[in-house]
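# An overview of the molecular structure
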Amino acid sequence: MLADKIAYYKLHGEMLRITPAAYKGEFEWLREVDSLALCSEQRFLEGAFKRFFESASVGFPKFKAKRSDRQSYTTNAVNNNIRIEGRHLVLPKLGKVRIRQHRQIPEGYRLKSAAVSRDSTGAFYVSLLFEYESEAAEMAPEDIQSIIGLDFSMPELYITSEGESAEYPKYFRASEKKIAKLQRELSLKEKGSSNYIKKKAQIAKAHKKAACQRKDFLHKRSRKIANSYDCAAIEDLNMHAMAQALNFGKSVSDAGWGMFIRFLKYKLEDQGKILAKVGKWYPSSKTCSVCGAVKKELGLSERTYACECCGSVMDRDAMQPST
């Protein structure tokens, strides 16, 4: 469809309007596929063109990579064609599929769509989208009783304004030697052979384990903060620039700070609580938490803050006076 749209635009200077039904005569195998899934792909393509024409920063739609690690399709719920029956999920064209259900669906939720995907390890997932009515809770500023500040820290993930650290276990760093060993073994295999494919799957599983461990840790930490405080204040950092400028790519990616903030944000908002972002240029690490004085020069290697005005000595991330 994308190729036809490009060819038509070059000939006529305007966009081709066409549906997946027009291709079923030429490609018989499209009749074996759920028609709503084909419509979803058309909608995604139209959305890509719309974003391209509306924003100069968005590139022209590209063809999907044949060897992409992640494969997926989305289908819409119409006339109860997608439903959960016991331990099975009924999908169009596929019928009953045995599932491990992540959570129970509350009463009153309306199923809208299902996204079926396969990751690099060969595991299949189905993400179900539901619609439900809910009154948006919003906490008034005068009702805020407890506030916590979170300062990003490379070794610990964050240090709170109360001096506590997340004590992040660095899951990728812990598995890095194992992954490097598997990659060396992969380099000795003939590309495309059965041993090559098996070794590549082992590497994907090792990466996935570290990613799942990180995600579980971030979920638990963000849930603990969201349940304990009415407001959390964080620095609005550009993690991508930090990873590139300071050569901290692996350490920044392993920490998953951006993922942690996303988890914390929606968990707080679900309870009507607030996530406050402090500007990236605010000198939080240079400001004394005791007297408020700002230290002009503070090198990145200086992990201890010594106030020149009141003499307080503290960790630059925690900003709590040492005893």
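Being a predicted model, the structure only gives us computed values, none of them experimental.

### Some thoughts on the sheet that holds strand S8 (residues 157–160)
One open sheet holds the 4 strands; their spatial order is S8-S7-S9-S10, and the pairing between them is mixed. Each end of this open sheet is capped by a strand with a single partner; those strands are S8 and strand S10 (274–278). The mean inter-strand angle of the sheet, taken between neighbouring strand axes irrespective of direction, is 30°. Inspection of the sheet shows strand S9 (residues 231–235) paired to S10 by 5 bridges, in the parallel sense. From the neighbouring strand, Ala-232 faces S10, where its bridge partner is Leu-275. Along the sheet, helix H4 (residues 194–228) contacts strand S7 (147–153), S8 and S9; its crossing angle with S8, the most-contacted strand, is approximately 20°. Sheet strands in contact with helix H7 (residues 257–270) are S7, S8, S9 and S10, and its direction is about 140° off that of S10.

### Quick look at the confidence of the model for the chain
Of all residues in the chain, 88% have pLDDT values of 70 or greater, and the mean over the chain is 85. By mean pLDDT, helix H5 (residues 239–245) is the weakest element of the chain at 66, and strand S3 (residues 88–91) is the strongest at 96.

### Some details on the packing of helix H3 (residues 171–187) against H4
Across the interface, H3 lies against H4 with an axial gap of 9 Å and an inter-helix angle of 175°. Classified by the angle between their axes, H3 and H4 sit roughly antiparallel to one another. Counting all contacts with H3, which are made through Tyr-171, Phe-172, Ser-175, Ile-179, Leu-182, Gln-183, Glu-185 and Leu-186, the residues of H4 involved are Tyr-196, Lys-199, Lys-200, Gln-202, Ile-203, Ala-206, His-207, Ala-210, Gln-213, Arg-214 and Phe-217.

### Looking at the pairing of strand S4 (residues 95–98)
Summarising the sheet, S3 and S4 pair through 4 bridges and their orientation is antiparallel. For His-88, the partnering residue across the bridge sits in S4 and is Arg-98. Between S3 and the antiparallel strand that follows it, S4, lie 3 residues; Lys-93 among them carries a positive phi value of about 75°.

### A word on the pattern of salt bridges
On inspection of all chains with the given rule, the structure shows 13 salt bridges. We note a salt bridge from Glu-46 to Lys-5, for which the minimum N-O separation is 3.1 Å. Taken together, the positions of Glu-46 in helix H2 (residues 35–54) and Lys-5 in helix H1 (residues 2–12) put the pair 41 residues apart, joining distant regions of the chain. Residue classification places Glu-46 among the partly exposed residues on the basis of a relative accessible area of 25%. Glu-185 is the salt-bridge partner of Lys-199, the closest N and O atoms lying 2.8 Å from each other. Of this pair, Lys-199 sits in helix H4 while Glu-185 sits in helix H3, placing them 14 residues apart in sequence. Here Lys-199 falls in the buried class, since its relative accessible area comes to 14%. When its relative accessible area of 21% is taken as the criterion, Glu-185 is described as partly exposed.

Reading guide: rules and limits
Residues numbered from 1 in each chain as written. Predicted model: local features only at pLDDT ≥ 70, side-chain atom pairs only at ≥ 80, totals over all residues. Heavy atoms only, no water. Pairing = 2+ DSSP bridges. Helix = DSSP H or I, 4+ residues; strand = E, 2+ residues; numbered from the N terminus. Axes fitted to C-alpha atoms, helices over the stretch in contact; angles between N-to-C directions. Contact = heavy atoms within 4.5 Å. pLDDT = per-residue confidence, 0-100. Parallel < 35°, antiparallel > 145°, perpendicular 65-115°, else oblique. Salt bridge = Lys/Arg side-chain N within 4 Å of Asp/Glu carboxyl O. Buried < 20%, exposed > 50% of the residue type's maximum accessible area, 1.4 Å probe, protein only.

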